[in-house]
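For reference, the chains in residue letters:
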Amino acid sequence: MKLCVIGGGSTYTPELLSGLAGKKAEIPVNEVVLLDIDEERLNVVGEFVIRMMKKLAPEIKVSYTLDREEALSGADFVVTQIRVGHQIARHDDTVFCLQNGVIGQETTGAAGFAKAMRTIPVLLDYAKDMERLCPDAWLINFTNPSGIVTEALIRFGWKKTIGLCNAPIGMQKSVAHQFGVDEKDVELDYVGLNHLGWVRNISVKGEDRTKEVLEKLAPYNATNIPELDYDPTFYHALGCYLNGYLKYYYLEEEMLESLKKQTKTRAQVVMEVEEELLAYYRDENNDEKPESLSKRGGAYYSHIALSLISAIYNDKNEVHIVNTLNNGAIKDLSDDASVEIPSVINKTGAHPLTAGHVDLSFRGLLQQVKAYEQLTVEAAVNGSYDRALLALCNHPLVHSAKKAKVLLDFFIERHGLQLK
Ligand code: G6P
(Lines give C-alpha, C1' and ligand atoms only; values in the text may rest on other atoms or scores of the structure.)
Protein backbone atom coordinates (compact mmCIF):
# COMPACT_ATOMS: atom_id res chain seq x y z
CA MET A 1 0.00 0.00 0.00
CA LYS A 2 1.36 3.40 -0.98
CA LEU A 3 0.93 6.72 0.80
CA CYS A 4 1.83 10.00 -0.87
CA VAL A 5 2.18 13.19 1.18
CA ILE A 6 1.68 16.38 -0.85
CA GLY A 7 3.59 19.00 1.10
CA GLY A 8 5.89 16.29 2.46
CA GLY A 9 8.58 18.90 3.16
CA SER A 10 6.41 20.30 5.97
CA THR A 11 8.03 20.36 9.40
CA TYR A 12 4.96 18.41 10.57
CA THR A 13 5.85 15.33 8.46
CA PRO A 14 7.88 13.50 11.16
CA GLU A 15 4.74 13.60 13.33
CA LEU A 16 2.68 11.95 10.59
CA LEU A 17 5.22 9.23 9.87
CA SER A 18 5.96 8.39 13.49
CA GLY A 19 2.20 7.92 13.87
CA LEU A 20 2.20 5.64 10.85
CA ALA A 21 4.95 3.53 12.39
CA GLY A 22 2.78 3.16 15.49
CA LYS A 23 -0.16 1.91 13.44
CA LYS A 24 1.70 -0.33 11.02
CA ALA A 25 -0.15 -3.43 12.25
CA GLU A 26 -3.47 -1.89 11.15
CA ILE A 27 -2.33 -0.07 8.03
CA PRO A 28 -0.06 -2.13 5.80
CA VAL A 29 1.69 0.81 4.11
CA ASN A 30 4.99 -0.33 2.65
CA GLU A 31 5.82 2.78 0.67
CA VAL A 32 5.68 6.47 1.55
CA VAL A 33 6.61 9.19 -0.92
CA LEU A 34 6.99 12.80 0.17
CA LEU A 35 6.23 15.32 -2.57
CA ASP A 36 7.07 19.02 -2.35
CA ILE A 37 8.10 21.98 -4.47
CA ASP A 38 10.70 23.31 -2.03
CA GLU A 39 13.77 21.23 -2.74
CA GLU A 40 15.91 22.39 0.13
CA ARG A 41 13.30 21.81 2.78
CA LEU A 42 12.23 18.52 1.25
CA ASN A 43 15.82 17.24 1.44
CA VAL A 44 16.16 18.20 5.08
CA VAL A 45 12.81 16.78 6.21
CA GLY A 46 13.10 13.77 3.86
CA GLU A 47 16.53 12.73 5.13
CA PHE A 48 15.47 13.15 8.75
CA VAL A 49 12.34 11.08 8.25
CA ILE A 50 14.31 8.32 6.50
CA ARG A 51 16.64 8.13 9.54
CA MET A 52 13.68 8.16 11.91
CA MET A 53 11.76 5.46 10.05
CA LYS A 54 14.82 3.19 9.76
CA LYS A 55 14.56 2.92 13.53
CA LEU A 56 10.79 2.82 13.89
CA ALA A 57 9.64 0.80 10.87
CA PRO A 58 12.47 -0.30 8.57
CA GLU A 59 10.02 -2.29 6.44
CA ILE A 60 8.36 0.94 5.22
CA LYS A 61 10.27 2.41 2.28
CA VAL A 62 10.38 6.21 2.52
CA SER A 63 11.51 8.46 -0.32
CA TYR A 64 11.09 12.07 -1.39
CA THR A 65 10.77 13.75 -4.74
CA LEU A 66 9.82 16.92 -6.61
CA ASP A 67 8.24 14.78 -9.32
CA ARG A 68 4.45 14.49 -9.20
CA GLU A 69 4.29 11.45 -11.47
CA GLU A 70 6.67 9.48 -9.32
CA ALA A 71 4.97 10.54 -6.09
CA LEU A 72 1.34 10.02 -7.07
CA SER A 73 1.63 6.95 -9.34
CA GLY A 74 -0.28 4.08 -7.80
CA ALA A 75 -0.93 5.83 -4.47
CA ASP A 76 -3.75 4.38 -2.34
CA PHE A 77 -3.91 7.33 0.06
CA VAL A 78 -2.84 10.90 -0.54
CA VAL A 79 -2.47 13.37 2.34
CA THR A 80 -2.36 17.08 1.51
CA GLN A 81 -0.70 19.52 3.89
CA ILE A 82 0.43 22.40 1.72
CA ARG A 83 0.82 26.07 2.47
CA VAL A 84 0.69 28.06 -0.75
CA GLY A 85 2.74 31.25 -0.29
CA HIS A 86 4.45 29.96 2.88
CA GLN A 87 4.27 31.64 6.30
CA ILE A 88 5.19 35.01 4.81
CA ALA A 89 1.86 35.15 2.97
CA ARG A 90 0.10 34.32 6.25
CA HIS A 91 2.02 37.15 7.93
CA ASP A 92 1.32 39.74 5.24
CA ASP A 93 -2.41 38.90 5.13
CA THR A 94 -2.72 39.07 8.91
CA VAL A 95 -0.98 42.43 9.11
CA PHE A 96 -2.98 44.00 6.28
CA CYS A 97 -6.27 42.84 7.79
CA LEU A 98 -5.30 44.20 11.22
CA GLN A 99 -4.30 47.53 9.69
CA ASN A 100 -7.84 47.70 8.32
CA GLY A 101 -9.40 46.82 11.66
CA VAL A 102 -10.33 43.28 10.62
CA ILE A 103 -9.32 39.98 12.22
CA GLY A 104 -6.81 38.39 9.87
CA GLN A 105 -6.66 34.88 11.28
CA GLU A 106 -5.61 32.48 8.53
CA THR A 107 -8.66 30.23 8.63
CA THR A 108 -11.47 32.03 10.40
CA GLY A 109 -10.50 35.62 9.67
CA ALA A 110 -10.56 37.42 6.35
CA ALA A 111 -7.11 35.98 5.63
CA GLY A 112 -8.81 32.58 5.41
CA PHE A 113 -10.46 33.84 2.24
CA ALA A 114 -7.07 34.73 0.74
CA LYS A 115 -5.62 31.39 1.77
CA ALA A 116 -8.53 29.54 0.18
CA MET A 117 -8.26 31.57 -3.04
CA ARG A 118 -4.59 30.81 -3.52
CA THR A 119 -4.86 27.18 -2.41
CA ILE A 120 -7.94 25.83 -4.21
CA PRO A 121 -6.54 26.13 -7.77
CA VAL A 122 -3.33 24.38 -6.72
CA LEU A 123 -5.18 21.46 -5.15
CA LEU A 124 -7.58 21.15 -8.09
CA ASP A 125 -4.54 20.87 -10.29
CA TYR A 126 -3.17 18.00 -8.18
CA ALA A 127 -6.60 16.37 -8.45
CA LYS A 128 -6.29 16.44 -12.25
CA ASP A 129 -3.02 14.54 -12.05
CA MET A 130 -4.53 12.07 -9.62
CA GLU A 131 -7.17 11.09 -12.19
CA ARG A 132 -4.40 9.76 -14.37
CA LEU A 133 -1.94 8.52 -11.77
CA CYS A 134 -3.97 7.14 -8.88
CA PRO A 135 -7.66 7.13 -9.85
CA ASP A 136 -8.78 5.08 -6.83
CA ALA A 137 -6.91 6.97 -4.12
CA TRP A 138 -8.48 8.55 -1.06
CA LEU A 139 -7.47 12.14 -0.46
CA ILE A 140 -7.12 13.19 3.17
CA ASN A 141 -7.03 16.96 3.33
CA PHE A 142 -5.34 18.88 6.13
CA THR A 143 -4.67 21.96 4.07
CA ASN A 144 -6.35 25.01 5.57
CA PRO A 145 -8.94 26.41 5.47
CA SER A 146 -9.83 22.74 5.65
CA GLY A 147 -13.62 23.00 5.27
CA ILE A 148 -13.54 25.34 2.27
CA VAL A 149 -10.76 23.44 0.54
CA THR A 150 -12.50 20.12 1.15
CA GLU A 151 -15.74 21.43 -0.34
CA ALA A 152 -13.91 22.66 -3.46
CA LEU A 153 -12.15 19.32 -3.85
CA ILE A 154 -15.24 17.14 -3.42
CA ARG A 155 -17.44 19.26 -5.69
CA PHE A 156 -14.93 20.22 -8.35
CA GLY A 157 -11.90 17.95 -8.18
CA TRP A 158 -11.80 14.79 -6.11
CA LYS A 159 -14.96 13.09 -4.83
CA LYS A 160 -13.03 10.74 -2.57
CA THR A 161 -11.81 13.58 -0.32
CA ILE A 162 -12.27 13.72 3.44
CA GLY A 163 -11.20 16.86 5.30
CA LEU A 164 -9.67 16.78 8.74
CA CYS A 165 -8.97 19.12 11.60
CA ASN A 166 -7.39 18.40 14.95
CA ALA A 167 -9.77 20.62 16.95
CA PRO A 168 -12.60 18.05 17.40
CA ILE A 169 -10.23 15.36 18.65
CA GLY A 170 -8.64 17.95 20.94
CA MET A 171 -12.08 18.60 22.42
CA GLN A 172 -12.79 14.89 22.76
CA LYS A 173 -9.45 14.37 24.52
CA SER A 174 -10.09 17.26 26.92
CA VAL A 175 -13.40 15.70 27.96
CA ALA A 176 -11.80 12.26 28.27
CA HIS A 177 -9.14 13.79 30.51
CA GLN A 178 -11.74 15.48 32.71
CA PHE A 179 -13.53 12.20 33.36
CA GLY A 180 -10.43 10.01 33.42
CA VAL A 181 -11.68 7.82 30.56
CA ASP A 182 -10.44 6.80 27.15
CA GLU A 183 -11.34 9.18 24.31
CA LYS A 184 -13.24 6.30 22.69
CA ASP A 185 -15.72 6.54 25.59
CA VAL A 186 -16.54 10.14 24.72
CA GLU A 187 -19.18 10.98 22.12
CA LEU A 188 -19.62 14.54 20.96
CA ASP A 189 -22.78 15.71 19.24
CA TYR A 190 -20.67 18.17 17.24
CA VAL A 191 -22.34 20.28 14.55
CA GLY A 192 -21.04 23.00 12.30
CA LEU A 193 -18.23 23.77 9.94
CA ASN A 194 -14.48 23.58 10.22
CA HIS A 195 -13.36 25.95 13.01
CA LEU A 196 -17.03 26.78 13.62
CA GLY A 197 -18.26 23.92 15.76
CA TRP A 198 -20.81 23.64 18.58
CA VAL A 199 -21.09 20.51 20.72
CA ARG A 200 -24.71 20.24 21.75
CA ASN A 201 -24.40 17.12 23.82
CA ILE A 202 -21.57 15.17 25.42
CA SER A 203 -21.89 11.61 26.50
CA VAL A 204 -19.28 9.73 28.46
CA LYS A 205 -19.67 5.95 28.49
CA GLY A 206 -23.20 6.44 27.18
CA GLU A 207 -24.26 8.92 29.92
CA ASP A 208 -25.13 12.57 29.27
CA ARG A 209 -22.45 14.69 31.03
CA THR A 210 -22.94 17.95 29.10
CA LYS A 211 -23.73 20.05 32.18
CA GLU A 212 -20.63 18.95 34.05
CA VAL A 213 -18.44 19.70 31.08
CA LEU A 214 -19.88 23.20 30.75
CA GLU A 215 -19.39 23.83 34.45
CA LYS A 216 -15.81 22.63 34.70
CA LEU A 217 -14.16 22.71 31.32
CA ALA A 218 -13.10 25.88 29.55
CA PRO A 219 -13.95 26.00 25.84
CA TYR A 220 -11.35 24.20 23.79
CA ASN A 221 -8.51 26.50 22.80
CA ALA A 222 -5.87 25.77 20.16
CA THR A 223 -2.33 26.97 20.87
CA ASN A 224 -2.55 29.67 18.22
CA ILE A 225 -5.63 31.40 19.66
CA PRO A 226 -5.17 34.23 22.18
CA GLU A 227 -6.39 33.28 25.65
CA LEU A 228 -9.67 35.07 26.40
CA ASP A 229 -12.52 33.78 28.48
CA TYR A 230 -16.23 33.97 27.82
CA ASP A 231 -18.54 35.33 30.42
CA PRO A 232 -19.90 32.10 31.98
CA THR A 233 -23.47 33.44 31.72
CA PHE A 234 -23.19 33.51 27.94
CA TYR A 235 -21.52 30.13 27.78
CA HIS A 236 -24.25 28.53 29.88
CA ALA A 237 -27.07 30.29 28.03
CA LEU A 238 -25.78 28.83 24.80
CA GLY A 239 -25.36 25.44 26.46
CA CYS A 240 -22.74 24.11 24.05
CA TYR A 241 -19.11 23.11 24.44
CA LEU A 242 -17.36 25.33 21.91
CA ASN A 243 -14.62 25.05 19.34
CA GLY A 244 -12.01 27.68 20.31
CA TYR A 245 -12.22 29.40 16.95
CA LEU A 246 -15.74 30.62 17.79
CA LYS A 247 -14.11 33.25 19.98
CA TYR A 248 -13.25 35.20 16.85
CA TYR A 249 -17.01 35.71 16.37
CA TYR A 250 -18.41 35.79 19.90
CA LEU A 251 -15.62 37.98 21.30
CA GLU A 252 -14.69 39.78 18.12
CA GLU A 253 -13.80 43.17 19.59
CA GLU A 254 -11.80 41.69 22.45
CA MET A 255 -9.95 39.33 20.12
CA LEU A 256 -9.15 42.17 17.74
CA GLU A 257 -7.72 44.23 20.60
CA SER A 258 -5.70 41.28 21.83
CA LEU A 259 -4.32 40.55 18.33
CA LYS A 260 -3.36 44.21 17.85
CA LYS A 261 -1.33 44.10 21.06
CA GLN A 262 0.70 41.05 20.03
CA THR A 263 4.29 41.95 19.18
CA LYS A 264 4.56 39.13 16.64
CA THR A 265 2.03 37.57 14.33
CA ARG A 266 1.41 33.83 14.68
CA ALA A 267 3.20 33.43 11.33
CA GLN A 268 6.34 35.03 12.78
CA VAL A 269 6.19 32.77 15.83
CA VAL A 270 5.78 29.72 13.60
CA MET A 271 8.69 30.82 11.37
CA GLU A 272 10.93 30.82 14.47
CA VAL A 273 9.68 27.40 15.57
CA GLU A 274 10.29 26.09 12.05
CA GLU A 275 13.90 27.33 12.05
CA GLU A 276 14.45 25.45 15.26
CA LEU A 277 12.82 22.32 13.84
CA LEU A 278 14.77 22.45 10.59
CA ALA A 279 18.05 22.88 12.47
CA TYR A 280 17.16 19.81 14.50
CA TYR A 281 16.25 17.81 11.38
CA ARG A 282 19.51 18.83 9.66
CA ASP A 283 21.62 17.38 12.46
CA GLU A 284 22.48 13.86 11.38
CA ASN A 285 22.71 12.71 14.97
CA ASN A 286 18.98 13.23 15.43
CA ASP A 287 16.52 10.50 14.51
CA GLU A 288 13.65 10.98 16.97
CA LYS A 289 10.56 13.18 16.64
CA PRO A 290 11.46 16.49 18.37
CA GLU A 291 9.71 17.88 21.43
CA SER A 292 9.39 21.34 19.85
CA LEU A 293 6.84 20.00 17.34
CA SER A 294 4.34 20.44 20.15
CA LYS A 295 4.73 24.24 19.73
CA ARG A 296 2.81 23.96 16.45
CA GLY A 297 -0.99 24.03 16.49
CA GLY A 298 -1.54 20.67 14.80
CA ALA A 299 -1.47 18.44 17.89
CA TYR A 300 -2.83 14.90 17.30
CA TYR A 301 -2.89 15.40 13.55
CA SER A 302 -1.11 12.12 12.84
CA HIS A 303 -3.44 10.34 15.22
CA ILE A 304 -6.57 11.47 13.39
CA ALA A 305 -5.14 10.98 9.90
CA LEU A 306 -4.04 7.45 10.60
CA SER A 307 -7.17 6.46 12.53
CA LEU A 308 -9.17 7.70 9.56
CA ILE A 309 -7.04 5.80 7.04
CA SER A 310 -7.38 2.69 9.20
CA ALA A 311 -11.17 3.10 9.43
CA ILE A 312 -11.40 3.32 5.63
CA TYR A 313 -8.93 0.56 4.88
CA ASN A 314 -10.31 -1.84 7.50
CA ASP A 315 -13.95 -0.91 6.74
CA LYS A 316 -14.47 -0.21 10.44
CA ASN A 317 -17.80 1.68 10.41
CA GLU A 318 -16.32 3.85 13.14
CA VAL A 319 -17.55 7.36 13.93
CA HIS A 320 -15.02 10.18 13.32
CA ILE A 321 -15.64 13.92 13.20
CA VAL A 322 -14.63 14.92 9.69
CA ASN A 323 -15.31 17.43 6.95
CA THR A 324 -17.55 16.02 4.26
CA LEU A 325 -20.57 17.06 2.23
CA ASN A 326 -23.70 17.67 4.26
CA ASN A 327 -26.09 15.56 2.20
CA GLY A 328 -29.04 16.43 4.42
CA ALA A 329 -27.34 15.86 7.80
CA ILE A 330 -27.79 19.47 9.01
CA LYS A 331 -31.24 20.54 7.85
CA ASP A 332 -30.34 24.23 7.80
CA LEU A 333 -27.62 23.87 5.16
CA SER A 334 -27.68 22.75 1.56
CA ASP A 335 -26.66 19.23 0.56
CA ASP A 336 -23.53 20.39 -1.23
CA ALA A 337 -22.14 22.35 1.74
CA SER A 338 -19.12 20.86 3.47
CA VAL A 339 -19.75 20.42 7.17
CA GLU A 340 -17.68 19.23 10.11
CA ILE A 341 -19.72 16.48 11.68
CA PRO A 342 -19.58 12.99 13.21
CA SER A 343 -19.64 10.55 10.32
CA VAL A 344 -19.53 6.80 9.94
CA ILE A 345 -16.28 5.91 8.18
CA ASN A 346 -15.93 2.76 6.13
CA LYS A 347 -14.39 1.67 2.86
CA THR A 348 -16.99 3.68 0.93
CA GLY A 349 -16.02 6.90 2.71
CA ALA A 350 -17.69 9.29 5.18
CA HIS A 351 -21.41 9.09 5.92
CA PRO A 352 -22.55 12.00 8.09
CA LEU A 353 -24.90 11.24 10.98
CA THR A 354 -28.22 13.08 10.96
CA ALA A 355 -28.04 16.28 13.01
CA GLY A 356 -31.47 17.79 12.24
CA HIS A 357 -32.02 21.52 12.67
CA VAL A 358 -29.63 23.53 14.80
CA ASP A 359 -30.85 25.92 17.46
CA LEU A 360 -31.89 29.43 16.44
CA SER A 361 -29.17 30.84 18.72
CA PHE A 362 -26.42 29.88 16.29
CA ARG A 363 -28.23 29.04 13.07
CA GLY A 364 -27.67 32.49 11.57
CA LEU A 365 -23.92 32.49 12.16
CA LEU A 366 -23.63 28.98 10.73
CA GLN A 367 -25.54 29.90 7.58
CA GLN A 368 -23.73 33.17 7.08
CA VAL A 369 -20.29 31.62 7.34
CA LYS A 370 -21.38 28.89 4.94
CA ALA A 371 -22.58 31.51 2.45
CA TYR A 372 -19.16 33.19 2.66
CA GLU A 373 -17.45 29.81 2.21
CA GLN A 374 -19.53 28.76 -0.78
CA LEU A 375 -19.07 32.12 -2.50
CA THR A 376 -15.32 31.71 -1.94
CA VAL A 377 -15.35 28.25 -3.53
CA GLU A 378 -17.30 29.65 -6.49
CA ALA A 379 -14.90 32.57 -6.87
CA ALA A 380 -11.83 30.34 -6.72
CA VAL A 381 -13.25 27.82 -9.21
CA ASN A 382 -14.70 30.34 -11.68
CA GLY A 383 -12.20 33.16 -11.18
CA SER A 384 -15.00 35.65 -10.60
CA TYR A 385 -14.12 39.03 -9.07
CA ASP A 386 -17.78 39.74 -8.23
CA ARG A 387 -18.30 36.46 -6.37
CA ALA A 388 -15.01 37.02 -4.52
CA LEU A 389 -16.15 40.48 -3.45
CA LEU A 390 -19.53 39.11 -2.33
CA ALA A 391 -17.76 36.35 -0.43
CA LEU A 392 -15.84 38.92 1.62
CA CYS A 393 -18.99 41.07 2.04
CA ASN A 394 -20.70 38.02 3.55
CA HIS A 395 -17.81 37.29 5.91
CA PRO A 396 -19.16 38.04 9.40
CA LEU A 397 -15.85 39.59 10.48
CA VAL A 398 -15.52 42.06 7.58
CA HIS A 399 -18.61 44.25 8.18
CA SER A 400 -18.26 46.72 5.32
CA ALA A 401 -18.51 46.35 1.56
CA LYS A 402 -15.92 49.12 1.20
CA LYS A 403 -13.47 47.25 3.41
CA ALA A 404 -14.21 44.03 1.54
CA LYS A 405 -13.06 45.70 -1.68
CA VAL A 406 -9.90 47.10 -0.08
CA LEU A 407 -9.01 43.65 1.25
CA LEU A 408 -9.82 41.89 -2.01
CA ASP A 409 -7.71 44.28 -4.08
CA PHE A 410 -4.81 43.78 -1.70
CA PHE A 411 -5.13 39.96 -1.84
CA ILE A 412 -5.27 40.01 -5.66
CA GLU A 413 -2.13 42.07 -5.88
CA ARG A 414 -0.21 40.32 -3.10
CA HIS A 415 -0.96 36.77 -4.29
CA GLY A 416 -1.37 37.36 -8.01
CA LEU A 417 -4.95 36.02 -7.94
CA GLN A 418 -6.43 35.70 -11.42
CA LEU A 419 -9.95 37.17 -11.22
CA LYS A 420 -12.13 38.71 -13.93
C1 G6P B 1 -4.89 24.48 14.99
C2 G6P B 1 -5.90 24.31 13.92
C3 G6P B 1 -5.30 23.91 12.61
C4 G6P B 1 -4.18 24.84 12.27
C5 G6P B 1 -3.19 24.93 13.35
C6 G6P B 1 -2.21 26.03 13.02
O7 G6P B 1 -4.49 23.29 15.44
O8 G6P B 1 -6.93 23.45 14.28
O9 G6P B 1 -6.29 24.00 11.63
O10 G6P B 1 -3.53 24.41 11.10
O11 G6P B 1 -3.79 25.24 14.57
O12 G6P B 1 -1.06 25.82 13.70
P13 G6P B 1 0.16 26.83 13.61
O14 G6P B 1 1.19 26.20 14.46
O15 G6P B 1 0.52 26.91 12.15
O16 G6P B 1 -0.35 28.13 14.11
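Note that the structure is predicted; figures quoted are calculated from it, not measured.

## A few points about the pairing of strand 8 (residues 196-204)
Phase 1: Among the nine residues in strand 8, seven count as buried, and that is most of the element.
Phase 2: Pairing geometry for strand 7 (residues 186-193) and strand 8, over seven bridges, is antiparallel. For Val 186, the partnering residue across the bridge sits in strand 8 and is Val 204.
Phase 3: Count of turn residues in the strand 7/strand 8 antiparallel hairpin: two residues, of which His 195 carries a positive phi of about 60 degrees.
Phase 4: Of the strand pairs in this sheet, strand 8 and strand 10 (residues 241-242) are connected by two bridges, and their pairing is antiparallel. Of the residues in strand 10, the one forming a bridge with Trp 198 is Leu 242.
Phase 5: Bridge count between strand 8 and strand 9 (residues 207-208): two bridges; the pairing is antiparallel. Considered in strand 9, the bridge of Val 204 is made with Glu 207.
Phase 6: Connecting strand 8 to the antiparallel partner strand 9 that follows it, the hairpin turn spans two residues, and Lys 205 within it adopts a positive phi of roughly 50 degrees.

## Focus: the site of the ligand
Phase 1: Inspection of the region around the ligand gives 13 residues, with Asn 144, Asn 166, Arg 266, Arg 296 and Gly 297 positioned closest.
Phase 2: Between Tyr 245 and the ligand, the recorded distance is 3.5 Å, taken from a side-chain N or O atom to an oxygen atom.
Phase 3: Between an oxygen atom of the ligand and a main-chain N or O atom of Gly 297, the distance comes to 2.3 Å.
Phase 4: Out of a free accessible area of 390 Å², the ligand has 92% covered by protein chains.
Phase 5: Of the residues that constitute the shell around the ligand, the class distribution is four nonpolar, six polar and three charged.

## Some remarks on the packing of aromatic side chains
Phase 1: Within the structure shown, the criterion is met by 14 aromatic pairs.
Phase 2: Summarising the aromatic geometry, the rings of Phe 113 and Phe 411 are spaced 6.0 Å apart at their centres and angled 40 degrees between planes, so their arrangement reads as tilted. Note that Phe 113 is positioned in helix 5 (residues 110-133) and Phe 411 in helix 16 (residues 401-415), a separation of 298 residues in sequence. Across the pair, exposure class does not vary: Phe 113 and Phe 411 are buried alike.
Phase 3: Looking at Lys 247, its charged tip hangs above the ring of Tyr 230, at a distance of 5.9 Å from the centre.

## What to know about the packing of helix 5 against helix 15 (residues 385-394)
If you want to describe how two helices pack, look at the angle between their axes and the distance between the axes.
Phase 1: Running from N to C, helix 5 and helix 15 point in directions that differ by 150 degrees, and their axes come no closer than 10 Å. The angle between the axes of helix 5 and helix 15 places the two elements in the roughly antiparallel class. The crossing of helix 5 and helix 15 is right-handed. Together, Ala 110, Phe 113 and Met 117 of helix 5 and Ala 388, Ala 391 and Leu 392 of helix 15 make up the contact between the two elements.

## Focus on the packing of helix 1 (residues 13-22) against helix 13 (residues 301-313)
Phase 1: For the pair helix 1 and helix 13, the least separation of the axes is 8 Å and the interaxial angle reads 45 degrees. Judged on the interaxial angle alone, helix 13 and helix 1 are oblique. Note on packing geometry: the crossing formed by helix 1 with helix 13 is right-handed. Residues Thr 13, Glu 15, Leu 16, Gly 19 and Leu 20 of helix 1 pack against Tyr 301, Ser 302, Ala 305 and Leu 306 of helix 13.
Phase 2: Its residues assigned to classes, the contact of helix 1 with helix 13 shows five nonpolar, three polar and one charged.

## Quick notes on the nonpolar core
Phase 1: Core analysis: the largest hydrophobic core is formed by 100 residues, its most contacted members being Val 78, Val 175, Trp 198 and Tyr 241.
Phase 2: Looking at which element gives the most residues to this core, the answer is helix 5, with twelve residues.
Phase 3: Core analysis: the next-biggest nonpolar cluster, separate from the first, contains 46 residues, Val 45, Val 49, Val 79 and Val 322 among them.

## Focus: helix 2 (residues 39-56)
It helps to recall that an α-helix has 3.6 residues per turn; residues three or four apart then point in one direction.
Phase 1: Between its terminal C-alpha atoms helix 2 stretches 25 Å, which fits the 26 Å expected from 18 residues at 1.5 Å a residue.
Phase 2: Those residues of helix 2 that sit buried are Arg 41, Leu 42, Val 44, Val 45, Gly 46, Phe 48, Val 49, Arg 51, Met 52 and Met 53.
Phase 3: Buried residues in helix 2 make contact with helix 1, strand 2 (31-35), strand 3 (61-65) and helix 12 (266-282).

## Brief notes about the side chain of Ser 146
Phase 1: Inspection of the secondary structure puts Ser 146 in helix 6 (residues 146-156).
Phase 2: For Ser 146, the side chain forms a polar contact with the main-chain oxygen of Leu 164, separated by 3.0 Å.
Phase 3: For Ser 146, the residues in contact, after removing those within four places along its chain, are Asn 141, Gly 163, Leu 164, Asn 194 and Asn 323.

So, how was this worked out
- Residues numbered from 1 in each chain as written.
- Predicted model: local features only at pLDDT ≥ 70, side-chain atom pairs only at ≥ 80, totals over all residues.
- Heavy atoms only, no water.
- Buried < 20%, exposed > 50% of the residue type's maximum accessible area, 1.4 Å probe, protein only.
- Helix = DSSP H or I, 4+ residues; strand = E, 2+ residues; numbered from the N terminus.
- Pairing = 2+ DSSP bridges.
- Near = heavy atom within 4 Å.
- Polar contact = N/O pair within 3.5 Å; in protein donor to acceptor, adjacent residues only side chain to side chain.
- Areas by Shrake-Rupley, 256 points an atom, 1.4 Å probe, with all protein chains shown as cover.
- Nonpolar A, V, L, I, M, F, W, Y, C, P; charged D, E, K, R; others polar.
- Phe/Tyr/Trp six-rings, centres within 6.5 Å; stacked < 30°, edge-to-face > 60°.
- Lys NZ or Arg CZ within 6 Å of the ring centre and 35° of its normal.
- Axes fitted to C-alpha atoms, helices over the stretch in contact; angles between N-to-C directions.
- Parallel < 35°, antiparallel > 145°, perpendicular 65-115°, else oblique.
- Left-handed = near helix turned anticlockwise from the far one by under 90°.
- Contact = heavy atoms within 4.5 Å.
- Core = buried A, V, L, I, M, F, W, Y, C linked by side-chain atoms within 4.5 Å.
- Expected span 1.5 Å × (residues − 1).

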